[in-house]
Amino acid sequence: MYGVETFVHPDYQSRGVGSKLMDTRFELLRRQNLRGIVAGSLFIGYHEVADQMTPEQYVQAVVEGKHFDPNLSKQLKKGFKVSNLIPHYTEDERTRDYAAAIVWVNPDYRPHIIPFVPPTTLRRVGAPE
């Protein structure tokens, strides 16, 4: 699954809404027996120290727990791992247009189980659409 940025309205931030949305994604991954999720994470606190460190150094400090990022730190706490950085991911001055590619691996994934796909979504290769 690919996760696109999810934003919570400022009036509802810090109330657990984002966490519940992510937990719902995790539950869907488990129910559908998917391997995991790949997402782009904006590290929105970077602008505060951008004159002191590179994006790579900042993300490494967040991963090591030496720096708290309001977005990435929460995703790491949920079990995501940083895979790599993506330049020109977005136009966001806070991140200097970078994002971190993050991956969460479903611990319940079983490769021998094929998820159920409703027949109405299947079509034979070469069949007219």
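Quick summary incoming for the structure in this document. Because the structure is a prediction, the values reported are computed rather than measured.

## Quick look at the overall build of the protein
Then, number 1: When you go through the protein residue by residue, the secondary structure sums to 3 helices and 4 strands.
Then, number 2: When burial is assessed residue by residue, the protein has 29% of its 129 residues classed as buried.
Then, number 3: Residue pairs at least 24 apart in sequence account for 60% of intrachain contacts in the protein once pairs closer than 6 positions are excluded.
Then, number 4: A total of about 9,100 Å² of accessible surface is found on the protein, and carbon and sulfur atoms cover 55% of it.

## Let's talk about the nonpolar core
Then, number 1: One finds Phe 26, Phe 43, Tyr 58 and Phe 80 to be the most contacted residues of the largest nonpolar core, which totals 18 residues.
Then, number 2: Taken together, the elements giving at least two residues each to this core come down to α1 (17-31), β2 (36-41), α2 (55-63) and β4 (99-105).
Then, number 3: Beyond its immediate sequence surroundings of up to four residues, Tyr 58 is in contact with Phe 43, Gly 45, Tyr 46, Val 49, Met 53, His 67, Phe 68 and Asp 69.

## Here's the deal with unusual backbone geometry
Then, number 1: With a phi close to 55°, Asn 33 is a non-glycine residue in the positive phi region.
Then, number 2: In the Ramachandran plot, Asp 97 falls in the positive-phi region, its phi being about 75° despite a non-glycine side chain.
Then, number 3: Topologically, Asp 97 is positioned in the loop between β3 (81-86) and β4.
Then, number 4: By relative accessible area, which is 27% here, Asp 97 ends up partly exposed.

## Here's the deal with the sheet that holds β2
Then, number 1: One open sheet accounts for 4 strands, arranged β1-β2-β4-β3; its pairing is mixed. A single partner strand is all that each edge strand has here, and the edge strands are β1 (2-3) and β3.
Then, number 2: Relative to β2, β1 runs parallel, the two sharing 2 bridges. Looking at β2, one finds that Gly 3 is bridged to Ala 39.
Then, number 3: Against the sheet, α1 engages β1, β2 and β4, with an angle of about 150° to β2.

What counts and how
Residues numbered from 1 in each chain as written. Predicted model: local features only at pLDDT ≥ 70, side-chain atom pairs only at ≥ 80, totals over all residues. Heavy atoms only, no water. Helix = DSSP H or I, 4+ residues; strand = E, 2+ residues; numbered from the N terminus. Buried < 20%, exposed > 50% of the residue type's maximum accessible area, 1.4 Å probe, protein only. Contact = heavy atoms within 4.5 Å. Areas by Shrake-Rupley, 256 points an atom, 1.4 Å probe, with all protein chains shown as cover. Core = buried A, V, L, I, M, F, W, Y, C linked by side-chain atoms within 4.5 Å. Pairing = 2+ DSSP bridges. Axes fitted to C-alpha atoms, helices over the stretch in contact; angles between N-to-C directions.

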